[in-house]
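Structural characterization, general
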Amino acid sequence: MRLLSAHIMTPVLAGLSLTVLLAGCNLPGSAATASNSGGDTVTVAVVPGIDNGTLALAQKNGLFANAGIKVKIDTFKSVTQELAALSSGTVDIAAGDYGDLFFAQATAPSPIYRIIADGYDSVPGVLEIMTLPDSHLTSPSQLAGLRIAAPLSGKVSAPKDAPDSLAIATATSVLQSFGVNLSAVQWQNMSAADEIRSLGDGHVQAILVGEPYIYLAQRELGAVELVDACSGATAGIPLSGYFTTNVWSRNNLAAVAAFRTAIQQAAAEASMPGPIQAVLPAYSGMTKQEAALVTVGTYPVATIAASVQRTADLMNTEGMIRFRLNVAAMIIR
């Protein structure tokens, strides 16, 4: 298993051993709502996972305090719930999948959201289409006509026949490069735990999963990679970030700058795997062994508009959103 320096779009649930996952356990402390931040406290909404490990690292190492702000972290079950809390003002900042963010921005009556910092970019092995080791599938072209299980997390109400998540959009782009007839591919959304179970039971012949479920599928089923879903045109593509609303950012410029500084410092610390490995078990519910063996993407130390624009452009090209978003205008400078 590769161990690289820094998501996944799939949230990490507590008790990551497959037997616990299949029992349907949720992350302890998950909430549908979050309390208002008061005074100098900044409330951050998050679905704890590998992709937002810098949030836990910055909190653990006192980087927010050093930057002059107090941060309260509230956990949610989905980025959709985070966005609702952000829009209602019950939280100030959200950490989440760019698929959810850009879809919400593109379908809102007027621009609502601003990006504080890029959070997590892909590397080889963070999102894969996997099969069983004895599968007859040996080439991406053989996926035509089959059902592929895909993550339920990150699912949005995209137009018909368009990918309904950033994970599927990324995989679709790669499959197109292999000449796969996408009209014959059926994506079936389910929880990551159900994806692994369905593959093992033979209900599907391939699954699209991110870490830590790639590791779990390998450990429990001996599953193997058929396609790296972040490769070719989508190699290194940004997957998630930290964002807020226009109104809150305008009224809290100092807090925005302090939060970004702390997150970027944490990203610099996460350039080596040790710091992230240390916080993931308590933060995301992974075991120490899982934290040590999963493939981890990159935590950017700067937010590059042209890089994040690739993600929005992918969603536009694949039909998830109807027009090209101006990502540079969303980034708070």
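Residues numbered from 1 in each chain as written. Predicted model: local features only at pLDDT ≥ 70, side-chain atom pairs only at ≥ 80, totals over all residues. Heavy atoms only, no water.

Pairing is mixed in the open sheet, where 5 strands are placed in the order S2-S1-S3-S10-S4. The outermost strands of the open sheet, each flanked by one partner alone, are strand S2 (70-75) and strand S4 (113-121). Ignoring which end each strand starts from, the neighbouring axes of this sheet average 25° apart. This element, helix H4 (residues 79-88), spans strand S1 (41-46), strand S3 (93-97), S4 and strand S10 (238-245) of the sheet and lies at about 155° to S3. (Pairing = 2+ DSSP bridges. Helix = DSSP H or I, 4+ residues; strand = E, 2+ residues; numbered from the N terminus. Axes fitted to C-alpha atoms, helices over the stretch in contact; angles between N-to-C directions. Contact = heavy atoms within 4.5 Å.)

Attention now goes to the packing of helix H2 (residues 53-60) against helix H11 (residues 273-284). One can describe the packing of H2 onto H11 by two numbers: an axis separation of 9 Å at closest approach and a directional angle of 95°. Considering the angle they form, H2 stands roughly perpendicular to H11. Contacts between H2 and H11 involve Gly 53, Thr 54, Leu 55, Ala 56, Leu 57 and Lys 60 on the former and, on the latter, Pro 275, Ile 276, Val 279 and Tyr 283. Here the contact of H2 with H11 is composed, by residue class, of 7 nonpolar, 2 polar and 1 charged. (Parallel < 35°, antiparallel > 145°, perpendicular 65-115°, else oblique. Nonpolar A, V, L, I, M, F, W, Y, C, P; charged D, E, K, R; others polar.)

Turning to the sheet that holds strand S7 (residues 186-190), a few remarks are in order. By way of backbone hydrogen bonds, the strands of a sheet pair with one another, either parallel or antiparallel. On the basis of which strands lie adjacent, the open sheet formed by 5 strands has the order S7-S6-S8-S5-S9 and mixed pairing. Two strands bound the open sheet, and with one partner strand each, they are S7 and strand S9 (224-228). The mean inter-strand angle of the sheet, taken between neighbouring strand axes irrespective of direction, is 35°. Examined bridge by bridge, strand S5 (residues 127-131) and S9 share 4 bridges and lie antiparallel to one another. Considered in S9, the bridge of Glu 128 is made with Asp 228. Here helix H7 (residues 192-201) sits on the sheet and contacts S5, strand S6 (147-151), S7 and strand S8 (206-210); the angle it forms with S8, its principal contact strand, is near 150°.

Between Glu 211 and the following residue, Pro 212, the backbone shows a cis peptide bond with an omega angle of 5°. Relative to the assigned elements, Pro 212 resides in the loop between S8 and helix H8 (213-221). At Asp 161, a position not held by glycine, the phi torsion is positive, near 75°. Here Asp 161 is to be found in the loop between S6 and helix H6 (166-177). When its relative accessible area of 77% is taken as the criterion, Asp 161 is described as exposed. (Buried < 20%, exposed > 50% of the residue type's maximum accessible area, 1.4 Å probe, protein only.)

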